[in-house]
Amino acid sequence: MSTFNVHKLRQEFPNLNIQVHGKPLVYLDNAATTFKPRCVIDAISNHYSHGTSNVHRGVHFLSEQATAAFEYSRQVVRQFLHARRVEEIIFTKGATDSLNLIAQSYGRHFLKAGDEIIISHMEHHSNIVPWQMLCQQIGCVLKVIPINDRGEIILEEYRKLLSDKTKLVSMVWVSNSLGTVNPVKSVIEAAHKRNAVVVIDAAQAVTHAPINVQELDCDFLVFSGHKVFGPTGVGVLFGKEKWLEAMPPYQGGGDMIKSVTFDKTTYNVLPYKFEAGTPAIAEVIGLRSALEFFQNIGWEGMKQHKQELLEHGTKVLLSIDGVRIVGTAQEKTSIISFVVEGIHPHDLGTLVDQEGVAIRTGHHCTQPVMEFFKIPATARASLAFYNTKEELDVLVKAINRAKDIFNA
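Per chain, residues are indexed from 1 in the order of the written sequence. With the structure being a predicted model, the display of local features is reserved for residues of pLDDT at least 70 and the display and counting of side-chain atom pairs for 80 or more, all residues being used for whole-chain, interface and lining totals. The side-chain figures draw on all heavy atoms in the structure; neither hydrogens nor water molecules are used.

1. Re the sheet that holds strand S14 (residues 335-340)
- Pairing within the open sheet is antiparallel, and its four strands lie in the order S13-S14-S17-S16. Looking at which strands have only one partner, the edges of the open sheet turn out to be strand S13 (323-326) and strand S16 (360-362). Across the sheet, the mean angle separating the axes of adjacent strands is 30° when strand polarity is ignored.
- Only when DSSP finds a minimum of two bridges between them are two strands counted as paired. Only DSSP runs of H or I with at least four residues qualify as helices, and only runs of E with at least two residues qualify as strands; both kinds are numbered from the N terminus onward. Relative to strand S17 (residues 378-382), S16 is paired through three bridges, and the arrangement is antiparallel. Bridged to Gly-362 within S17 is Thr-378.
- Two residues form a contact once any of their heavy atoms are found within 4.5 Å. In this analysis an axis means a line fitted to C-alpha atoms, helices contributing only their contacting stretch, and an angle means the value between N-to-C directions, from 0 to 180 degrees. On top of the sheet, helix H11 (residues 299-318) reaches S13 and S14; it is set at about 5° to S14, its chief contact.
- Lying over the sheet, helix H12 (residues 345-353) contacts S14, S16 and S17, oriented at roughly 160° with respect to S16.

2. What about the sheet that holds strand S10 (residues 235-239)?
- Reading across from one edge, S4-S10-S9-S8-S7-S5-S6 is the order of the seven strands in this open sheet, with mixed pairing throughout. With partners counted over all chains shown, the strands left at the sheet margins are strand S4 (89-92) and strand S6 (141-145), one partner each. With strand direction ignored, the average angle separating the axes of adjacent strands in the sheet is 20°.
- Bridge count between strand S9 (residues 220-224) and S10: five bridges; the pairing is antiparallel. Along S10, the bridge assignment pairs Phe-220 with Gly-239.

3. Looking at the nonpolar core
- Among the nonpolar cores identified, the biggest contains 76 residues, and Leu-81, Tyr-158, Trp-173, Leu-221 and Phe-385 are the most heavily contacted of them.
- With eight residues, the single largest contributor to this core is helix H10 (residues 281-297).
- Each domain's extent was defined by an automatic or database domain assignment. Two domains each donate at least three residues to this core, and these are domain 1 (6-30 + 298-406) and domain 2 (41-295).
- The residues touching Tyr-158, leaving out its near neighbours within four places in the chain, are Ile-118, Ile-145, Val-169, Val-187, Ala-190 and Ala-191. Here, the term nonpolar core denotes a set of buried Ala, Val, Leu, Ile, Met, Phe, Trp, Tyr and Cys residues that are joined through side-chain atoms within 4.5 Å. Relative accessibility thresholds used throughout: buried, under 20% of the residue-type maximum; exposed, over 50%; partly exposed, between the two (1.4 Å probe, protein chains only).

4. What about the side chain of Ser-170?
- By the secondary structure assignment, Ser-170 is in strand S7 (residues 166-172).
- Under this definition, polar contacts are N or O atom pairs within 3.5 Å; protein pairs additionally need one hydrogen-donor-capable and one acceptor-capable atom, and for neighbouring residues in sequence, both atoms have to be side-chain atoms. A polar contact of 2.7 Å, which involves the side chain of Ser-170, links it to the side chain of Asn-127.
- Those residues in contact with Ser-170 that sit more than four places away from it in its chain are Leu-99, Ile-118, Ile-119, Ser-120, Glu-123, Asn-127, Trp-131 and Val-199.

5. Description of the layout of surface pockets
- Using protein atoms alone on a 1 Å grid, points that fit a 1.4 Å probe yet trap it form a cavity, whereas open point sets bounded by protein on both sides within 12 Å along at least five of seven lines form a pocket; residues with an atom within 4 Å of a point count as lining. Grid points are joined across faces, edges and corners, and a volume is the space filled by probe spheres set on the points. There is about 430 Å³ of room inside the largest pocket.
- Those elements giving two or more residues to the lining of the largest pocket turn out to be helix H4 (95-110) and S16.
- Considering only residue class, the lining of the largest pocket consists of eight nonpolar, twelve polar and six charged.
- Approximately 260 Å³ is the volume found for the second largest pocket. Amino acids are sorted into nonpolar (Ala, Val, Leu, Ile, Met, Phe, Trp, Tyr, Cys and Pro), charged (Asp, Glu, Lys and Arg) and polar (every other residue, Gly among them).

6. Side note on the domain arrangement of the chain
- Here the domain parsing of the chain yields domain 1 (6-30 + 298-406) and domain 2 (41-295).
- Here the C-alpha centre of domain 2 lies 29 Å away from the C-alpha centre of domain 1.
- If you look at the interface, domain 1 gives 33 residues, while domain 2 gives 31 residues.
- When two parts are put together, the accessible area they lose, computed with a 1.4 Å probe and summed over both, is reported as buried area. With both sides pooled, the region where domain 1 packs onto domain 2 buries about 2700 Å², and carbon together with sulfur makes up 63% of that total.
- Area buried by domain 1 at its contact with domain 2 is led by Trp-299, Cys-365 and Phe-372, which between them contribute 23% of it.
- Salt bridge, as applied in this entry: a Lys or Arg side-chain nitrogen positioned within 4 Å of an Asp or Glu carboxyl oxygen. At the junction of domain 1 with domain 2, the criterion picks out zero salt bridges.
- There are 16 residue pairs in polar contact (both at pLDDT 80 or more) connecting domain 1 and domain 2.
- Here the side of domain 1 that touches domain 2 gets five residues from one element, more than from any other, and that element is helix H13 (residues 367-372).
- Across the side of domain 1 that touches domain 2, the residue classes tally to 17 nonpolar, ten polar and six charged.

The following block contains the structure:
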């Protein structure tokens, strides 16, 4: 697809054609999960219709076919992230599972009491709770980078937090509740000067810009398949080979073993050492199809379209009396969180749903962010490349209708 054509691309997504409450669906909840193109649905269906088998251990045709498709998917992910080797790509249940793996496998093996872990104030709960659990288990200390009123990390304060006690920094690349794009390259470079390991949560970043883990020089990076037009239940953990080799397994059983006796178990080689049990085979195959589809669209056209959506959405939402946008970072992607004076976000979400508009309301698993801005929740419109300016105009009409109901 050399020329970006949103209307042609929309035809690839069956869910965009449905109706809600008798109205055409306007889906603006892409930060929660994205719709799946027909090729992803077909890839999963074809596996279950013509290729169902377990992977790696079978010698029959279906098992060898499924194994080949599964491992080819790993190669596609490696290329997508520009990792050095396929051994650095671990399939997990999602970004949350990946973060827990790092905390329990890397953290419990390499960190000790008194070591410091740094995260930011805008983290998703998935990048807070695993580190809190680790601190409770081994006595580490959790430090938090403050943010400013625009929803940006304060880099100067981050550098002040860094010390010889800092052993790990874990940060979201793109905030799911604010849309902020963090300067992760600078964060990584500063941490490495202190010999600290860096984990990047790229759950929202995978659709924002191309990722090159070698250029970033991050030690670990995670994302979920369903955020990038793939299936739920599958995620990716990239880890530098030197760390993955040194880390003990996270879970036991199935493919992560080389040999087992009652006296001793010998673990498998990478990447299988971290992939216990039967994996999400169909979902991994679907993820491959999603990444191939996504990359064929072309980054430049897609990014320009999403920037135009962000600018238009910001403009039309601010034209509504009583609307305040939460998260106004200079570097921001197409996520718009906002509040409407006099209407609780949950009520707003229910009312705009009656007009066929799907937005997310709540704390978005970032309660510390809500506490910082002294609000209980926000409404959030998160935009994908298949959204249009016209859909944002429908959202505005739906909000104005909600205001009329509350003011009646």
